[in-house]
Amino acid sequence: MASGTDVMERAATPSGAPAGSHRRWLVPLLLVVGWLLGVAWRMWLGRHISLPIAHTDEDSYLNTARALAGGPGGFSSENELLRRVGYPMLISPAFLGDGDFTQSYRLVQLINAMVNAALLPLAYLLGRRLLRLDRGPALLAAAVAATLPATAFYANVAMIDTVMAPLVVAWLLAVHRWIERPGPLAAATVGLLVGAFHLLHSRGLVIVVVHAGLVLLLLVRRRITPGVVLAALLPVLALALVNEAGIRLLGEKVYLLGNEPSGGTVQAIASGPGLLRLGAAVGTQLWYLVVITFGLAGVAWVGALRELRRPERGPAARWTLGVALATTVGVAGGASVILAGITGKPLDAIYGRYVQMLAPFWLLVGLGVVLAAGYRVVLRRTAVAAALLVVGAALISARLAYVQSRGHSLRYGGFGAPDLFALTGGWREFRPFTGALVGVAGCVLLIAAARLPQLRVPLLVALLAVNVGTMQVISHRMVRPMVAATAPTPAVADLGIRPGERVYASTGVHYILRFNLSHQVTWTDVRWFSDRPPAAAEAVFTRWAPGEPDDWPGEQYGFVRLGGNPQQHWAAWRRG
């Protein structure tokens, strides 16, 4: 039944149009415009990157995508057990046709940007449905989540992480809907998204386990029927089969360089010191999430735990938050176990890449607390978040000092946590207390916004500005130097190497330059040799180091040097 006010408003609407019809179109229009702006912003950020900078992950995905598109294959750093083809499938259209590598790479960046920017409408829906925010705050909160560097950074490179954060939000939205209306269609949607995780990356195994646990709990509590169980599980199985079919389709075109998991992983954690190292790695990743969300992840976790004990939002929110908490701990733990088993490299001081996909979700939940809860609630929860930041920084600092005192070092840099590097200025060293200060400063602002509602919009705008500024700093301080250091000059095409020639590369060329030279040879799989080139080689890339013992003597093998770069220590040769 309509209220009297509603009837009066409808009667006053001209031309018989429904009341507020223009408003119904305004939000979708803003979301579309915001998505387009997000795509354009991401493409602008990636304008300097025309060759991979994240080796060997990008190389593996790009080689597989090219093979799936019908082109030549190449190597992959994966192993048989953890091999996934979902992301190469997504970007494989970029390799259709006869374009050069730079054109294909730009198309990959465009695909990335389109998918990554979809976080904006998904975050808006999450704000409206799970957090029950009004339209305006939900739009601003979504913009903050969509520009979070932990997510936006990966749109510039050919890495699976560009897809993961939007997929996390879509999945948890679907879980929320399924709990509200536990029918077969909703269950199949959740199962399809879980299957997509499995198709994309090995961390999807954690999602599959959490999904199986959720299905079992819902069945035990008689919230779903056996038919709905099948609807939830069959899509996961179907996409697992799609992954196997993709691997079979590739055949031998893509050869694997990764080592199969062995007993080293168990040995790395099956002891008191090993468990301590594992706990430290998990704790560091969780601490990192609180820092890069300016304390909001900590606020969200306290709220989620409170919701599990004393539900206020209803069963759908309770179950969704429980699933998100289990996933967060599971991904942090699973990543730490896998990394601990890689004995050929030193352990990381921090490696936040695997948990970054969860940052936008927890940022949104934290903002939901700040924008909707009372001042005292926000004060208590931000106090807990601040305590987590300070205690975490102290423990991390103690860990670093202990490792150093033992004459060892932990790996730091690269793609471990680029947003943390930018926020703390810690490009060369881990600064945990500076990170804690960043998070505590965010907590103080959250408390102020809860106390003075007129500060809430400025707070969201400020967070948006910090995200955009942080991405600019990352581009200037990290991305552009990496591009300059990893791009071989001159280009392969400028040296006269043409389609149809059989090209090989020497392992004497630094692997990054070797890979980026090989990508420019789009018509064949560039295989490697150590000293003497194969008889079939018509052109080769080798080490060029004048006056040094390892300078490759191409004339001895009947080759003529075409050119190259002695400063980068590589040259191209053609058989004479």
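Only a predicted model underlies this, so the values are computations on that prediction, with no experimental measurement involved.

Asks: Hey, could you go over the overall build of the protein chain for me, with residue numbers and the actual values?
Replies: Along its length, the protein chain carries 22 helices and seven strands. Against the compact-globule benchmark of 25 Å for 576 residues, the protein chain has a radius of gyration of 26 Å, which places it among compact chains. For the protein chain, the C-alpha atoms occupy an extent of roughly 95 × 65 × 50 Å along the three principal directions. A fraction of 75% describes how many contacts in the protein chain between residues 6 or more apart in sequence connect residues 24 or more apart. Surface exposure of the protein chain reaches about 25400 Å², of which carbon and sulfur atoms provide 63%. In the protein chain, 50 positive and 29 negative side-chain charges are present, and the distance between their average locations comes to 13 Å.

Asks: Got a sec to walk through the environment of Leu-234? Specific residues and values, please.
Replies: With respect to the helices, strands and loops of the structure, Leu-234 is situated in helix H12 (residues 226–250). Take Leu-234: its relative accessible area is 48%, and that puts it in the partly exposed class. In the structure, Leu-234 is positioned 42 residues away from Leu-192 in sequence and 8.5 Å away in space, judged by C-alpha atoms.

Asks: Explain unusual backbone geometry to me, using residue names and the numbers behind them.
Replies: Along the chain, His-55 connects to Thr-56 via a cis peptide bond; the corresponding omega equals 10°. On the secondary structure map, Thr-56 appears in the loop between helix H2 (21–45) and helix H3 (57–68). The amide bond that connects Thr-489 to the next residue, Pro-490, takes the cis arrangement and shows omega of 0°. Locating Pro-490 in the fold gives a position in the loop between helix H21 (456–486) and strand S3 (503–506). Its identity is not glycine, yet Arg-222 carries a phi of approximately 60°, on the positive side. For Phe-294, which is not a glycine, the phi torsion comes out positive at approximately 60°.

Asks: For the pattern of salt bridges, give the residues involved together with the corresponding values.
Replies: All chains considered together, the criterion is met by twelve salt bridges. Of the charged contacts, one joins Arg-431 and Glu-429 as a salt bridge, the two residues approaching to 3.5 Å between their closest N and O atoms. Look at Arg-431 and you get partly exposed, because its relative accessible area is 33%. Taking relative accessible area as the criterion, Glu-429 reaches 45% and is therefore assigned partly exposed. Arg-502 serves as the salt-bridge partner of Glu-538, at 3.3 Å between the closest nitrogen and oxygen. Note that Glu-538 is positioned in the loop between strand S4 (527–529) and strand S5 (539–542) and Arg-502 in the loop between H21 and S3, a separation of 36 residues in sequence. Note on Glu-538: relative accessible area 27%, which makes it partly exposed. Owing to a relative accessible area of 45%, Arg-502 belongs among the partly exposed residues under this scheme. One network of salt bridges, in which partners are shared, links Asp-57, Asp-161, Arg-203 and Arg-353.

Asks: Residues and numbers for the side chain of Thr-147, please.
Replies: Among the structural elements, Thr-147 can be located in the loop between helix H7 (135–146) and helix H8 (149–152). In terms of polar contacts, Thr-147 uses its side chain to reach the backbone carbonyl oxygen of Ala-143, at 2.9 Å. Each residue touching Thr-147, except ones within four places of it in the same chain, is listed here: Trp-41, Ala-152, Leu-464 and Asn-467.

Asks: Summarise the sheet that holds strand S7 (residues 570–575); cite the residues concerned and give the values.
Replies: Hydrogen bonds between backbone atoms are what pair the strands of a sheet, whose relative direction is either parallel or antiparallel. Strand order in the open sheet made by the five strands is S4-S3-S5-S7-S6, with mixed pairing throughout. Pairing within the sheet leaves two strands with one partner each, and these edge strands are S4 and strand S6 (559–565). Put simply, the sheet's adjacent strands are angled 30° from each other on average, direction ignored. Examined bridge by bridge, S5 and S7 share four bridges and lie antiparallel to one another. Bridged to Thr-542 within S7 is Ala-571. Where helix H22 (residues 511–519) meets the sheet, it contacts S3, S4, S5 and S7, and its direction lies at approximately 170° from that of S3.

Asks: If you had to explain the nonpolar core to someone new, which residues and values would you point to?
Replies: In this structure, Tyr-87, Trp-171, Trp-178, Trp-287, Phe-361 and Trp-362 are the most contacted members of the largest nonpolar core, which totals 162 residues. When residues of this core are assigned to their parent elements, the largest contribution, 13 residues, is made by helix H9 (residues 161–180). Apart from residues lying up to four places away in sequence, Trp-362 is in contact with Leu-296, Ala-297, Ala-300, Trp-301, Ala-304, Leu-321, Ala-324, Leu-325 and Thr-328. The next biggest cluster of nonpolar side chains, apart from the first, holds 14 residues, and it includes Ala-505, Val-509, Leu-513 and Ala-539.

Asks: So what's going on with the packing of helix H6 (residues 119–129) against H9? Which residues, and what values?
Replies: Packing of H6 against H9 leaves a shortest axis separation of 9 Å and a crossing angle of 30°. Compared by their axis directions, H6 and H9 come out roughly parallel. The element H6 and its partner H9 pack so that their crossing is left-handed. Of the residues in H9, those touching H6 at Leu-119, Leu-122, Ala-123, Leu-125, Leu-126 and Arg-129 are Ala-165, Pro-166, Val-169, Ala-170, Leu-173 and His-176. When grouped by side-chain class, the residues that make up the contact of H6 with H9 number ten nonpolar, one polar and one charged.

Asks: Any details on helix H14 (residues 272–292)? Residues and values, ideally.
Replies: Taking 1.5 Å per residue, 21 residues should reach 30 Å; H14 reaches 30 Å between its end C-alpha atoms and fits that length. For H14, the set of buried residues is Gly-274, Leu-278, Ala-281, Val-282, Thr-284, Gln-285, Trp-287, Tyr-288, Leu-289, Val-290, Val-291 and Ile-292. Two residues or fewer past H14, Phe-294 is found with a positive phi of approximately 60°.

Asks: Explain the pairing of S3 residue by residue, including any values.
Replies: Along any regular strand, the residues point their side chains to alternate faces of the sheet. A two-sided burial pattern is seen for S3, the buried positions comprising Val-503 and Ala-505 on one face and Tyr-504 and Ser-506 on the other. Relative to S5, S3 is paired through three bridges, and the arrangement is parallel. Pairing of Ala-505 across the sheet is with Phe-541, part of S5. Of the pairings in the sheet, the one linking S3 to S4 comprises three bridges and is parallel in character. By the bridge assignment, Ser-506 is partnered in S4 with Phe-529. One crossover worth recording links S3 to the parallel S4 by way of H22, and it is right-handed.

Rules of the game
Residues numbered from 1 in each chain as written. Predicted model: local features only at pLDDT ≥ 70, side-chain atom pairs only at ≥ 80, totals over all residues. Heavy atoms only, no water. Helix = DSSP H or I, 4+ residues; strand = E, 2+ residues; numbered from the N terminus. Rg over C-alpha atoms; globule rule 2.2 N^0.38 Å. Contact = heavy atoms within 4.5 Å. Areas by Shrake-Rupley, 256 points an atom, 1.4 Å probe, with all protein chains shown as cover. Lys, Arg positive; Asp, Glu negative; His and termini not counted. Charge placed at Lys NZ, Arg CZ, Asp CG, Glu CD. Buried < 20%, exposed > 50% of the residue type's maximum accessible area, 1.4 Å probe, protein only. Salt bridge = Lys/Arg side-chain N within 4 Å of Asp/Glu carboxyl O. Polar contact = N/O pair within 3.5 Å; in protein donor to acceptor, adjacent residues only side chain to side chain. Pairing = 2+ DSSP bridges. Axes fitted to C-alpha atoms, helices over the stretch in contact; angles between N-to-C directions. Core = buried A, V, L, I, M, F, W, Y, C linked by side-chain atoms within 4.5 Å. Parallel < 35°, antiparallel > 145°, perpendicular 65-115°, else oblique. Left-handed = near helix turned anticlockwise from the far one by under 90°. Nonpolar A, V, L, I, M, F, W, Y, C, P; charged D, E, K, R; others polar. Expected span 1.5 Å × (residues − 1). Right-handed = clockwise from strand over helix to strand, strands pointing away.

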